[in-house]
Amino acid sequence: MMEERLDRIESKLAFAEDAIDELNMTVFRQQQLIDRLQKQIVDLHRQMSAGSPGERRDLREEIPPHY
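We now turn to the structure provided with this report.

### Describing the overall build of the chain
Thinking step 1. Regarding its fold elements, the chain presents 1 helix and 0 strands.
Thinking step 2. Across the 67 residues in the chain, those meeting the buried criterion constitute 0%.

### Some details on the pattern of salt bridges
Thinking step 1. Applying the stated criterion across every chain, the model contains 2 salt bridges.
Thinking step 2. Lys-39 is paired through a salt bridge with Asp-43; the nearest N and O atoms lie 2.9 Å apart. With Lys-39 and Asp-43 both in helix α1 (residues 2-50), this residue pair falls 4 residues apart, about one helical turn.
Thinking step 3. A relative accessible area of 26% places Asp-43 in the partly exposed class.

### Some details on a negative patch on the surface
Thinking step 1. Residues Glu-3, Glu-4, Asp-7 and Glu-10 make up a contiguous surface patch of negative charge.
Thinking step 2. Summarising the element assignment, Glu-3 is placed in helix α1.
Thinking step 3. Accessibility expressed as a relative area gives 62% for Glu-3, which makes it exposed.

About the thresholds
- Residues numbered from 1 in each chain as written.
- Predicted model: local features only at pLDDT ≥ 70, side-chain atom pairs only at ≥ 80, totals over all residues.
- Heavy atoms only, no water.
- Helix = DSSP H or I, 4+ residues; strand = E, 2+ residues; numbered from the N terminus.
- Buried < 20%, exposed > 50% of the residue type's maximum accessible area, 1.4 Å probe, protein only.
- Salt bridge = Lys/Arg side-chain N within 4 Å of Asp/Glu carboxyl O.
- Patch = residues over 30% accessible without salt bridge, like charges linked within 9 Å, V, L, I, M, F, W, Y side chains within 5 Å.
- Areas by Shrake-Rupley, 256 points an atom, 1.4 Å probe, with all protein chains shown as cover.
- Lys, Arg positive; Asp, Glu negative; His and termini not counted.
- Charge placed at Lys NZ, Arg CZ, Asp CG, Glu CD.

See below:
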C-alpha cells in the first residue's frame, strides 16, 4: 500500500517536472520572439525618424493599387 502510494507520487512528480520543463521552453521561445519584435520596432522607429520632419506625405500614394 505504501509503495503503491509512493509510486503514484513519483509518477506525478515526474509529470510535473516534464510540464515545468515544457513551460520553461515555451517562455524562453516567447521571450526570444518578444526581443526580435522589440528590435524591429526600434528599427522601424529609426527609419521613420530618419525622414525629413517637414516632408509632406500624400496618403493616396500609399494606398495599394488594387483599391
